[in-house]
Amino acid sequence: MRVVMLMLAALSLSGCGLVALPFRVAGDVISVVPVVGKPLGAPVHAVGDVID
């Protein structure tokens, strides 16, 4: 039973990249905006890194 629970926990944690994807895409899109894109896009992209 313990092995089954560990396998289920490992499978549920593997989806973190899917949750972080919208933050990474939004950070990249914001970074394209001239002048203010880099300072505003970096924190949004960092949220994706923290989720991973």
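Refer to the structure above for everything that follows.
Residues numbered from 1 in each chain as written. Predicted model: local features only at pLDDT ≥ 70, side-chain atom pairs only at ≥ 80, totals over all residues. Heavy atoms only, no water.

(A) Structural view of the overall build of the protein chain. In terms of regular secondary structure, the protein chain is built from 3 helices and 0 strands. Listed N to C, the secondary structure of the protein chain is α-α-α in terms of helices and strands. Looking at the 52 residues of the protein chain, the share that counts as buried comes to 10%. (Helix = DSSP H or I, 4+ residues; strand = E, 2+ residues; numbered from the N terminus. Buried < 20%, exposed > 50% of the residue type's maximum accessible area, 1.4 Å probe, protein only.)

(B) Examining unusual backbone geometry more closely. Backbone geometry places valine 35, a non-glycine residue, at a positive phi of 70°. With respect to the helices and strands, the residue valine 35 is situated in the loop between α2 (16-31) and α3 (37-51). Assessed through its relative accessible area of 79%, valine 35 is described here as exposed.

(C) Quick peek at a nonpolar patch on the surface. On the surface, a cluster of nonpolar side chains totalling about 380 Å² of accessible area is made up of Val33, Val35, Val36 and Leu40. Looking at where leucine 40 falls in the secondary structure, it is placed in helix α3. Classification of leucine 40 by relative accessible area gives exposed; the value is 51%. (Patch = residues over 30% accessible without salt bridge, like charges linked within 9 Å, V, L, I, M, F, W, Y side chains within 5 Å. Areas by Shrake-Rupley, 256 points an atom, 1.4 Å probe, with all protein chains shown as cover. Salt bridge = Lys/Arg side-chain N within 4 Å of Asp/Glu carboxyl O.)

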